[in-house]
Amino acid sequence: QARLGVHFHPTFSTVFSLGHTAGFHALRSARELLKSGIHACVVVAADSLLSSHTLSWLDSQFRLKTEANPDGIIPGEAAAAVIVQKNQNFGPGAEVVGLGFATEDAHILSREPLLGLGLTDASRQALTEAGLGLHQIDCRISDVTGESYGFKEIPLVSGRLTRSRRTKAQPLWHWAEAIGDIGAAAGLFQLAAAEDALRRDYAGIETIICWTSSVEGGRASAVLRRSASDSGTMKTDRTGE
């Protein structure tokens, strides 16, 4: 702000320092702004795990993937931005139809047994708001980073929420396999992937659930569906990543 001589609005701009879940918390804030009459809102996230301090901390916690530790993350860095609008008929795209938030007591730094309760609660909130069951979701997108912890959490959530048999495959997508752990940018990268898949009608996907898990226990979920017309809910449009 000092360099450009431009200042963010004191009321309509907020910073969320919440790790992987920050993007979805910002999305919830954007939704409240849209309800108050704001025409559009830009949600931006940027993060880097490549600093010496972060790498040293990851290594000290045995979370850095190395030749001696295969159960770790590959650090990355990224920035993403999406614009969200209400009641804008701009053709096929992604509608955000559900958001959910919770806290996991058995986070990755704790010694508690993982039961997947936090992400389950966040997902249940988002699915309830969307009026959908997990069996009606065509695709899952997660911020799992390669650690076994995350891949244990996902089946726990699916087991707790799936109440009806699904005959079609329900793929799991994750960015980390391509660009590593991108921290706070993870949620918005999921929105970009979801918007792209829904806009292009990729593989018949109509509904997507996104999952984010912060290191210290924060959990957030978003449900999106394909939309080709104005339906009064919040829509996203990818602007860059």
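Described in the following lines is the structure provided in the data block. (Residues numbered from 1 in each chain as written. Predicted model: local features only at pLDDT ≥ 70, side-chain atom pairs only at ≥ 80, totals over all residues. Heavy atoms only, no water.)

### So, the overall build of the chain
From N to C terminus, the chain includes six helices and eight strands. Each principal axis of the C-alpha atoms in the chain carries an extent, and together these give about 55 × 50 × 30 Å. Relative to its 241 residues, the chain shows a buried fraction of 48%. Just so you have it, the chain exposes about 12000 Å², and 52% of that area is on carbon and sulfur atoms. If you average the places of the 23 positive and of the 26 negative side-chain charges in the chain, the two averages end up 6 Å apart. (Helix = DSSP H or I, 4+ residues; strand = E, 2+ residues; numbered from the N terminus. Buried < 20%, exposed > 50% of the residue type's maximum accessible area, 1.4 Å probe, protein only. Areas by Shrake-Rupley, 256 points an atom, 1.4 Å probe, with all protein chains shown as cover. Lys, Arg positive; Asp, Glu negative; His and termini not counted. Charge placed at Lys NZ, Arg CZ, Asp CG, Glu CD.)

### Observations regarding the pairing of strand 3 (residues 93-103)
Within a regular strand, side chains alternate between the sheet's two faces. Burial analysis of strand 3 places ten of its eleven residues in the buried class, the great majority of the element. Examined bridge by bridge, strand 3 and strand 7 (residues 218-227) share ten bridges and lie antiparallel to one another. The partner of T103 across the bridge, within strand 7, is G218. (Pairing = 2+ DSSP bridges.)

### What to know about the pattern of salt bridges
For the structure shown, the criterion picks out ten salt bridges. Taking the shortest distance from any N to any O, the salt bridge between D138 and R166 comes out at 3.1 Å. Of the two residues, D138 sits in the loop between helix 3 (117-130) and strand 4 (139-142) while R166 sits in the loop between helix 4 (148-161) and strand 5 (172-174), which places them 28 residues apart along the sequence. Note on D138: relative accessible area 13%, which makes it buried. (Salt bridge = Lys/Arg side-chain N within 4 Å of Asp/Glu carboxyl O.)

### Re empty space enclosed by the protein
Applying the stated rule across the entire model yields two cavities of 30 Å³ or more. As for the largest cavity, its lining consists of 18 residues, and the residues nearest its centre are T145, E147, Y149, G150 and S213. Here the lining of the largest cavity gets four residues from one element, more than from any other, and that element is helix 4. Residues belonging to the lining of the largest cavity are distributed by class as follows: six nonpolar, six polar and six charged. When its volume is computed, the second largest cavity comes out at roughly 80 Å³. As for the second largest cavity, its lining consists of 13 residues, of which D143, W175, A176, I182 and A186 are closest to the centre. Tallied by class, residues from the lining of the second largest cavity come to five nonpolar, six polar and two charged. (1 Å grid on protein atoms, 1.4 Å probe; cavity = no way out; pocket = protein on both sides within 12 Å on 5 of 7 lines; lining within 4 Å. Points joined across faces, edges and corners; volume = space filled by probe spheres on them. Nonpolar A, V, L, I, M, F, W, Y, C, P; charged D, E, K, R; others polar.)

Purely geometric stuff here, so don't read any function into it on its own.
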